[in-house]
Each structure stands twice: as structure tokens, then as C-alpha cells.
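A closer look at the structure
Residues per chain are reported as follows:
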Amino acid sequence: MVGEAEIIMLISLENVCKKYRVGEVDIPALQDVTLEVARGEFLAIMGASGCGKSTLLNLLGCLDQPSSGRYRLDGAEVSGMTWSELARVRNTRIGFVFQSFNLLPRLTALENVELPLMYGPSLPAAARRKKALGLLERVGLADRVKHSPVQLSGGQQQRVAIARSLVNDPALILADEPTGNLDSHSGADIMALFHDLSAQGMTIVAVTHADDIARSARRIIRMRDGRVMPEEAERINHEDTKSTKRAHEG
Amino acid sequence: MNAFLPFSIAVRALRRNKVRAILTVLGIIVGTAALIAVMAVGQGASTMIREQIESMGSNMVLVFPGSMRTSGANSGSGGKQSLSAADGDAIAAEIAGVEAVCPVIRGWAQIVHRNNNWRPNAQGVSPEYREIRAWPMLAGEFFQEADVRGSTRVCVLGTTVVQNLFVGVDPIGKVVRINNMPFRVVGVLAPKGTAAWGQDQDDTVLVPVTTMARVLQGSPFDSVSQLMIGVSTTESLPDVIADIEALLRQRHRVRTPADDDFTVMDLTEITEAVSSVSRLMTVLLSVIASISLLVGGIGIMNIMLVSVTERTREIGIRMAVGASPRDIMQQFLVEAFVLSALGAVVGVALGAGAAGIISHVNRWPVHVSAGSVGLSVMFAGLIGVFFGWYPSWRASRLNPIECLRYE
Ligand SMILES: Nc1ncnc2c1ncn2[C@@H]1O[C@H](COP(=O)(O)OP(=O)(O)OP(=O)(O)O)[C@@H](O)[C@H]1O
Ligand SMILES: [Mg+2]
């Protein structure tokens, strides 16, 4: 019954603008951005410094509100939500991975991973712990749970951050230059992690400067001066992603 | 959000910066300690005053020479000697409801026993004194009516005097020298403690009233410093007082109350005066202590503002993973509350200790009540929440992106 066009996109931006007011002038950071992202997509955003990539990602992550235009996440109207409602969306639907890791320095790796659960629907401590431990194991840090961020390498910190982004079973992972602070080897490890996640069906939107990293994405959009350029990249559908994954494991 | 989370975050944050936390709550600690100590001393004083009323016998009326309605309990300055023992006899004989009358003459006494000497309060009284003041004997007996008639040289001592004159010796039957005249000790009064007006009641020597006049003061026994009158029931006090006033006006030929050359008081009046002064002092000092608590609260606000700025990035991270403005607000409010509550607890301990020292040094009873502790801790907690409100609100209004960008 449901037609192809009516399938609800996970992300749907319509004519989104974002202006920053500095003194008397408005600086347009995003202009008229229209963008749709389906479930399971791995989208890379590229572009020169200052073109608005972070601004776009922050809007997608409900850390900020568009100045105009509409943003629907999984069919729900996000533009116009209050700060508390946005916090709830971030907590339950979105996982962030930042360039500078953004772990709380006084907490252990395990506590950092548990952090989003603290603000979510209450879960028994044992269940929180179990879930966080499982994710740390999944990112290969089972032997580092009691370490604090300063006792971890950059690559390890970013893996803790990825575990944290996954702990609330989000619908969407947003990564802003996740390998920007890492050496090429650690960066490759992190991209491999994202690749695996994508292969398991997670929707990922990542900002990156590096072409080789963008290559692991299935879809690339390029930005210039706050606008999204017409897309030239090939789109690989979900089935293909899965078969690739199977080939990987085989 | 998990109910204990804000508390564990707060405790962690405070533990991280122990010295700063302690300095921050110093104001709260001092304020609470002062409040507790003041209330303890004040409450101890009013408890003591209540006990005084009970221990002195509430059915007591005092008559002083001179009109001194306004000078309260200070009976030493009676002015002209207008009150005589005969007035006392008349009161005892003529007024219904009067059970006993005791003439009192105040004097001074230097008591010597062997090498020890002491200067207690000295009073010449009659045997009725013991009955009116409901004062039991510790040892020996009170002197008799015959001693008053005969102006004999006998005395009854309070325990403070005994402690200072007799070391390991039973004073009964011993001879002491009062103002260089030999007196025989016939009895020791049971200890009564400190009076509402701060006087040690046990630092006293009682001699027959006639002995005080004729022997120690070398004057005829005509005027007295005070008449102490025991009344049968509390209810009859107002009537008895009115009757005494009427009788004395008649005897002294006074026409109007304004010309009275005597003052009649009952004990509740005196204790009321004393306790209202102590209540007023307690309230005043409590207000001052509360102000220092308030100043402590400003200190908390100051440090919380610094703390919010320092932890901007932490706030951003928490917001990014889903902390709502309310969660952030709560986190800092709880931190302010925990800070001030901890300060209050330490302050209560210090205040109770200070009250203990005050009571020990001044021999003044203090009473740290659960009510005053609860009140102080609650007040301090409220101060913390009140002054923590603005910094917490600021934290909750922060923009997550700007927080994450903050270095
Ligand atoms: N808070 C702000 N106030 C004013 N201008 C801002 C603010 N944030 C971003 N901008 C402006 O918006 C534009 C886009 O910034 P944004 O951070 O999105 O760029 P970017 O593509 O992420 O750059 P980079 O690759 O260097 O991270 C820039 O011109 C920037 O100066
Ligand atoms: Mg950027």
C-alpha cells in the first residue's frame, strides 16, 4: 500500500538555514539545505574549512535549532522543540562522536560509556554496567574499563566515545571529524569500526576532510559556503551493504 | 534521571577540590556554629530560669524597702530603711493566705576557718527562710527560733562556702570566724546551683537575722533589707499582694500608690523580667549568626559561578549525551545544597562543642536541642539552594555547542 515516495526518511531537512548573529551582521552558516538520509546509510560530509559542516551536523544532532526550514528526524518534527525535548531526542536517538573525544576526564572509561544511560529512562545499575561493558568489549577495550581517559591513547579514547555513542541504541550516529586528532593508523582503526557499524545497519553521518576516509562511506555530499553541492556520488542500497559485510566476514 | 546521580556527581566534584570546598563552606560552618551555640546558651538559660522558678518556690512574694518598680531585681539599693521586722510580723498576723514571713538583712561576711578564708553572700534570716525557699539541708540543721530571739552566733553554710573553707573536714559543729567573731556551724544547705541572674546561690552564709543586725552590723534590729513571704497557693498571689500593699500603706501612712516607700513583687515577675532579657539576647544574637550564614551563602554563590565556568566543557558533554537543562540545574543545585549541608553538619558539631566549652567555663547550662539543630541545618541548606540557584540556572541556560567549543 505504501508507495516508494512515502517511506519515511530517517533524516529529512527542508530548506534549512542557519544564521549566526555577530554584532550587527548575520553570518549565514547554512543556506537552504535540503537533504534526506535513509536508514542504514553511511553519509560522509566533505568541504573546505568553514563551509558549515559542523553547523549542519550540530543541527542534525539536535544540539542547535535551524533559523528557518524544517527538520524531521524519523518523521518527528524537531524544529520548534524545546531544549528539554531536544535533550531527550539526543539522549534516546542520537550518538555523538567528536574530533576531540569529549570524554569526562574524571570518570573511568566504563563510567563515560554509562553516562548517557544516567540521563535516560532509569535502568538498574547492573544493567547499565552490563551494557557498557558489552560495548567496551565490542570496541576492543574490555581490558581498559577502569582506566580514566588520560590513561588511554587517542585512538582508545575515541573508541570509548564510540561505545558511549552506542549505549542508548541510537537511530543515528553523528561523527565530526572523528579521526581528525588521530594518527593514520588509529584513524584507520576507527574507520574500520564505523564500517562495521554501518555494515550492521547503523545510520552514520560523518564529517571528514580526508578522502580515504570518505571512501568507506556509501554516499558523499560536498558543501561550499553553507550550501550542499549537487550529489555526484553513487548510492549503494542496503542489500549491497549487507552482502559486502558478509563478504568481509567470509 | 537516576535519583542519586546528582548526589554522586556533587560528592565527586567536591572531593576533587577539597580545599576549595572547605574554604567555600567556612562561612556556613561559622554561621551554623554561631547559631547553634547561641541557641544552646539561650535555651539553656530559659531552661534554667524555669527550673529556678520551680526551685525557689513559685508561691513567694518579696517586699523591698523603697519604690523601685523600675529597677527590677536589684534589691540592694533600697534607699531609706523604710521596712521593719514589725511590718513582717503584721503581714504574718493579719493577711489571709500568708503562710510564713521571713525578715532578711543583707550584709557582708569574711569567713575564716583555720587558714582558709572566703567572702560569700551573707544574709540574716529567720528559720522560715528554709521553708519558704523549700531548701533542704545537706547536713546538720537550720538554726531555730530561739537562735533568732537570742541573737546567737550560729550559721548555716552553702556548699560553695563549705568547699572553700573545709577540705576533707565535716563542718558541722566547727567554729568559724565571721568578721573576726566566732560562729558555730549548725548546718549545710543542699546545693541549689546558679540563679537566673547568674548568682551562685550556694555561695551563701545564713545567720539569725537578729545576729546579723546586732552582732555583725552593730545596729538595733529595726529595719530589714527585704521581707520574704510564703503564700499558700499560687491563685491567691494577686490578692495577697494587694492586701500587703494596702496594709503597708496603712502602716507607713502612705496615701497614694505613687508615694509608696516599698515594693512588692512576686517571683514570677522577676524571673519573667530576667528571661525576657535572655530571650531578647538570644534573638538578637541569632539574627547576627543568621547574617553570617547569609554571607556564607554569598561565598557559595561566588564559588558556584566559578565552578560553572570551569566546567563549561563538562556541561557541554553532559548536554550532548542527553542531559536536559533541568538535569544540569539539578546537578549544580544539589552540589550547592550538599556543600552547605556538609558545612551545616560541621558547624553543628563545632557549635555544640563551643556550647559545651561555654557551659564548662561559665558553669552556665546549655542545651543543644534537636529543634535548633534541625533549624540550623535546614536554614543552611536553604541558603545553599537559594544562593546556588542563580549559578545553576546560568549553567542550565548554556548553549551545548558553545560549551563543547569552550577551552
Ligand atoms: N557560534 C558562531 N558564531 C558565529 N559564527 C559562527 C558560529 N559557529 C560557526 N560560525 C560560522 O559559521 C561558519 C561555518 O562554521 P562550521 O564550524 O560549521 O564550519 P566547518 O565546516 O565545520 O569548518 P571546519 O572544517 O574548519 O570544522 C563559519 O564561517 C563560522 O565562522
Ligand atoms: Mg567543523
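Quick summary incoming for the structure in this document. This is a predicted model, so every value here is computed, not measured. (Residues numbered from 1 in each chain as written. Chains lettered and ligands numbered in written order. Predicted model: local features only at pLDDT ≥ 70, side-chain atom pairs only at ≥ 80, totals over all residues. Heavy atoms only, no water.)

With that settled, consider the interface of chain A and chain B. Counting from both sides, the interface comprises 24 residues of chain A and, opposite them, 23 residues of chain B. Buried area between chain A and chain B, both sides added, is near 2,100 Å², and the carbon and sulfur share of it is 61%. Seen at the junction of chain A and chain B, the total is 1 salt bridge. Contributions of two or more residues to the side of chain A that touches chain B are made by helix H2 (83-93) and helix H3 (109-118) of chain A. Sort the elements by how many residues they give to the side of chain A that touches chain B and H2(A) lands first, with 5 residues. (Contact = heavy atoms within 4.5 Å. Buried area = accessible area lost by both parts, 1.4 Å probe. Salt bridge = Lys/Arg side-chain N within 4 Å of Asp/Glu carboxyl O. Helix = DSSP H or I, 4+ residues; strand = E, 2+ residues; numbered from the N terminus.)

All names here are of chain B. The full count for this structure, using the stated rule, is 5 aromatic pairs over all chains. Ring centres 4.7 Å apart and planes at 45° place the aromatic pair Phe142 and Phe143 in the tilted group. Exposure class is identical for Phe142 and Phe143. Each is buried. On the numbers, 6.5 Å between centres and 20° between planes, the contact of Tyr390 with Trp393 is stacked. Here Tyr390 pairs with Trp393, and both are found in helix H12 (residues 370-397), just 3 residues apart, close to one helical turn. (Phe/Tyr/Trp six-rings, centres within 6.5 Å; stacked < 30°, edge-to-face > 60°. Buried < 20%, exposed > 50% of the residue type's maximum accessible area, 1.4 Å probe, protein only.)

Let us look at the sheet that holds strand E1 (residues 11-22) of chain A. All names here are of chain A. Ordered by their spatial adjacency, 4 strands build an open sheet running E2-E1-E4-E5, and the pairing between neighbours is antiparallel. The two strands at the open ends of the sheet, each matched to only one other strand, are strand E2 (25-37) and strand E5 (76-77). Where strand E4 (residues 68-73) lies against E5, 2 bridges are found, and the strand directions are antiparallel. Pairing of Arg72 across the sheet is with Glu77, part of E5. Contacting E1, E2 and E4, helix H1 (residues 53-60) runs over the sheet at an angle of about 120° to E1. (Pairing = 2+ DSSP bridges. Axes fitted to C-alpha atoms, helices over the stretch in contact; angles between N-to-C directions.)

The next subject is the site of ligand 1. Surveying the vicinity of ligand 1 reveals 13 residues, the closest of which are A:Ser49, A:Gly50, A:Lys53, A:Ser54 and A:Thr55. Ligand 1 is flanked by residues contributed from chains A and B. At a separation of 2.6 Å, an oxygen atom of ligand 1 approaches a polar side-chain atom of A:Lys53. Note that a nitrogen atom of ligand 1 is positioned 3.3 Å from one of the side-chain N or O atoms of B:Arg405. Taken by itself ligand 1 offers 630 Å² of open surface, and the protein chains cover 70% of this. Elements that contribute at least two residues to the shell around ligand 1 include exactly E1 and H1 of chain A. It is H1(A) that provides the largest number of residues to the shell around ligand 1, a total of 3 residues. Here the residues of the shell around ligand 1 sort into 4 nonpolar, 6 polar and 3 charged. (Near = heavy atom within 4 Å. Polar contact = N/O pair within 3.5 Å; in protein donor to acceptor, adjacent residues only side chain to side chain. Areas by Shrake-Rupley, 256 points an atom, 1.4 Å probe, with all protein chains shown as cover. Nonpolar A, V, L, I, M, F, W, Y, C, P; charged D, E, K, R; others polar.)

Residues and elements named next belong to chain A. You can see Ala161 is positioned in helix H5 (residues 154-166). When the C-alpha positions of Ala161 and Val97 are compared, they lie 6.0 Å apart, and in sequence the two are 64 residues distant. With sequence-adjacent residues up to four places away left out, Ala161 is seen in contact with Phe96, Val97, Phe101 and Leu103.

All right, on to the packing of H3(A) against helix H4 (residues 125-138) of chain A then. All names here are of chain A. For the pair H3 and H4, the least separation of the axes is 9 Å and the interaxial angle reads 125°. Judged on the interaxial angle alone, H4 and H3 are oblique. By crossing handedness, the relation of H3 to H4 is classed as right-handed. Here Ala109, Leu110, Val113, Glu114, Leu117 and Met118 of H3 lie close against H4, whose contacting residues are Arg128, Arg129, Ala132, Leu133 and Leu136. Broken down by class, the residue content of the contact of H3 with H4 amounts to 8 nonpolar, no polar and 3 charged. (Parallel < 35°, antiparallel > 145°, perpendicular 65-115°, else oblique. Left-handed = near helix turned anticlockwise from the far one by under 90°.)

Another point: the pairing of E1(A). Residues and elements named next belong to chain A. For E1 and E2, the ladder comprises 9 bridges, and the chain directions are antiparallel. Within E2, the position partnered with Lys19 by the bridge is Pro28. Here E1 runs beside E4; their pairing, made up of 5 bridges, is antiparallel. Residue pairing across strands places Cys17 opposite Ser68, the latter belonging to E4.

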